[in-house]
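# A closer look at the structure
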Number of protein chains: 2
Amino acid sequence: MIWASGWRLASAVSDAGGLGMIGAGSMYPHVLEEHIQKCKAATGRPFAVNLPLLYPDIDKHVDTVIREKVPVVFTSAGNPKAWTAKLKDKGITVVHVVSSAKFAAKSQAAGVDAVVAEGFEAGGHNGREETTTLCLIPEVRKAIDIPLIAAGGIGSGRSMLAAMVLGAEGVQMGTRFVCSPEASSHINFKNKILSSLEGDTVLALKKLVPVRLIKNSFYEQVAQAEAEGWPAEKLSELLGRGRAKRGMFEGNLEEGELEIGQVSAGISELKPAGEIVRDTWAEFCEALNKPLF
Amino acid sequence: MIWASGWRLASAVSDAGGLGMIGAGSMYPHVLEEHIQKCKAATGRPFAVNLPLLYPDIDKHVDTVIREKVPVVFTSAGNPKAWTAKLKDKGITVVHVVSSAKFAAKSQAAGVDAVVAEGFEAGGHNGREETTTLCLIPEVRKAIDIPLIAAGGIGSGRSMLAAMVLGAEGVQMGTRFVCSPEASSHINFKNKILSSLEGDTVLALKKLVPVRLIKNSFYEQVAQAEAEGWPAEKLSELLGRGRAKRGMFEGNLEEGELEIGQVSAGISELKPAGEIVRDTWAEFCEALNKPLF
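Only a predicted model underlies this, so the values are computations on that prediction, with no experimental measurement involved.

As a further point, take the overall build of chain A. In terms of helices and strands, chain A carries 13 helices and ten strands. For chain A, the spread of C-alpha atoms along the three principal axes comes to 50 × 50 × 40 Å. Of all 293 residues assigned to chain A, the portion counted as buried reaches 56%. For chain A, the proportion of contacts with a sequence separation of at least 24, taken over those separated by at least 6, is 64%.

Right, dumping it as structure tokens:
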């Protein structure tokens, strides 16, 4: 959710009864601080911050969420042992994102309060096991006894119920919220998602860090390079710096990196974030009442 | 289900109340005929035959299922227009296997009675879109109004319910039944599945036909070749002939091809096929009665 989930989206989701989340991965420390303060001013409800642990200035981000008394922190892309104790010591609820049952168990052992298990269909950075949400959730359920939040492939109330039938207590939705006016993603990117079809996303750059993105000119260069067997260093040069920002924030649909999940194929309209929360909840309740289609 | 699903497995599944299926992809025409006749003798219940339409002697297989009055035929890996009319003309129920909503709609237009939509997590041959079952089923549901059967990632009553919450009327399970005494798969292969862990299967050979298999020595050679950018022809030579038989039927775990789905990671015991059907149904009923975990 980099370049997508700032204070506007997070506060709108929280206001509607979800747990809105600020994605800190694309923010300088002072920018994160500003977003947290604006989010607090915009909603009286709890919200969360996602901290990718590989972020170069992660210690500054951690200081910021502690200083600002952010109630919930989701950590990802790193070792849950690194920061969990410090955050929990300050009364912060800590949730760690994993892509396998093995790391779910390690996260529980590291003392986190809950786990997000994210499947192969999710947008952006992704696990190397390529386990889909349908296969991942039952295995993680067996591996941990703390709360389990399913992610990847969830964009509706019915898919929310399906994930909970498999053993999750809740769900995390990203892609669906990129298609809201409150997301800071460029309108070109939002429109690209709305017009995208099945098979339009792909998990690429597996020799670096696997990332799910929409196929475009940039991806075609990557695919060609991968088919020719380029080593990681050369792929890294091709990727360069700032690709994600160029695509998702600046709206360069050809040369930018467009990270999004597989559910993008089923999204056909922009919708206010609060409405997404309410519609998802309504569909979930209806499906729970009548599970068979 | 090649080298796995002969008359023993099919009749055991049908006897227990499922729709057992003979996989014709690994059978010579006279072998298929023998399996159909033995299946009829072993069970009075309906069963099906799966016909991969790219099979070289497909016309002989079609003649066999018509002559033997097989009640249901599942067609896969090919154009549903090719044989549907002929089969239906003989009173056979025809179900076509797809991996996208687009081909589900084409199958409906071709006159099939139902569609199997199979996700990325499924074993063996797989679609190029890499859409997971969780994302695929809702899109296929929107695209067709004939019955929809979900496949890929389903190995329990809870995952069966999850697929039906997403819009399927039924499910097709393969991997779980390979781990039954009735499957003709080699015991080495069955034991390999029982000991396999998450991340142990991978979708490989995408330059030929994508196939999900267990990582072994043969796969390591493929992975190395793919990382080096070998063209399709050289990969085809590396694959050679008879790899699947060598692995799954003859039990050569190092040099054979071991096709299986991602749910293999969650399977820890061999179980009679009838018991699998009954346990799955019981868990499904329990989950339907109490959907939240």
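Spanning 14 residues, helix α2 (residues 29–42) of chain A covers 20 Å between terminal C-alpha atoms, matching the ideal 20 Å at 1.5 Å per step. Taken together, the buried residues of α2 of chain A touch α1 (7–15), β1 (20–23), β2 (47–52) and α3 (58–67) of chain A.

Bringing the packing of helix α10 (residues 217–227) of chain A against helix α11 (residues 232–239) of chain A into the picture now. Residues and elements named next belong to chain A. Between α10 and α11, whose axes approach to 11 Å, the crossing angle comes to 170°. Considering their axes alone, α10 and α11 lie roughly antiparallel with respect to each other. For the pair α10 and α11, contact is made by Gln221, Val222 and Ala225 and by Lys234, Leu235 and Leu238, respectively.

Let us now look at the domain arrangement of chain A. Residues and elements named next belong to chain A. When cut into domains, chain A gives domain 1 (7–182 + 269–289) and domain 2 (187–263). Taken over C-alpha atoms, the centre of domain 1 sits 23 Å from the centre of domain 2. In this assembly, 20 residues from domain 1 lie in contact with 14 residues from domain 2. Those elements giving two or more residues to the side of domain 1 that touches domain 2 turn out to be β6 (124–125) and α8 (175–178). Sorting elements by how many residues they give to the side of domain 1 that touches domain 2 places α8 first, with three residues.

Another aspect to go through is the interface of chain B and chain A. Between chain B and chain A, the residue contacts involve 41 residues of the former and 41 residues of the latter. Counting residues per element, the ones that place at least two in the side of chain B that touches chain A are α5 (101–109), α6 (133–143), α7 (157–165) and α13 (273–289) of chain B. Of the residues assigned to the side of chain B that touches chain A, the class counts are 19 nonpolar, 13 polar and nine charged.

So, on to the sheet that holds strand β5 (residues 114–118) of chain B. All names here are of chain B. The seven strands are arranged β1-β2-β3-β4-β5-β7-β8 in an open sheet whose pairing can be described as parallel. Of all strands in the sheet, those bounded by a partner on one side alone are β1 (20–23) and β8 (170–172). In this sheet, neighbouring strand axes are inclined to one another by 30° on average, regardless of whether the strands run parallel or antiparallel. Judged from the four bridges that link them, strand β3 (residues 72–76) and strand β4 (residues 93–98) form a sheet pairing that is parallel. Looking across to β4, one finds that Thr75 is bridged to His96.

It is worth spelling out the relation of the copies chain B and chain A at this point. The two chain copies are related to each other by a rotation about an axis together with a translation along it. For the match of chain B to chain A, the screw axis carries a shift of 0.0 Å, the RMSD comes to 0.0 Å, and the turn is 180°. On the angle and the small slide along the axis, the relation comes out as a two-fold axis. The fraction of interface residues of chain B whose copies in chain A are also interface residues reaches 100%, indicating that both copies meet through the same surface.

Conventions adopted
- Residues numbered from 1 in each chain as written.
- Chains lettered and ligands numbered in written order.
- Predicted model: local features only at pLDDT ≥ 70, side-chain atom pairs only at ≥ 80, totals over all residues.
- Helix = DSSP H or I, 4+ residues; strand = E, 2+ residues; numbered from the N terminus.
- Buried ≥ 20, exposed ≤ 12 C-beta atoms within 10 Å, placed from the backbone.
- Contact = placed C-beta atoms within 7 Å.
- Expected span 1.5 Å × (residues − 1).
- Axes fitted to C-alpha atoms, helices over the stretch in contact; angles between N-to-C directions.
- Parallel < 35°, antiparallel > 145°, perpendicular 65-115°, else oblique.
- Domains from an automatic or database assignment.
- Nonpolar A, V, L, I, M, F, W, Y, C, P; charged D, E, K, R; others polar.
- Pairing = 2+ DSSP bridges.
- Least-squares fit on C-alpha atoms with pLDDT ≥ 70 in both.

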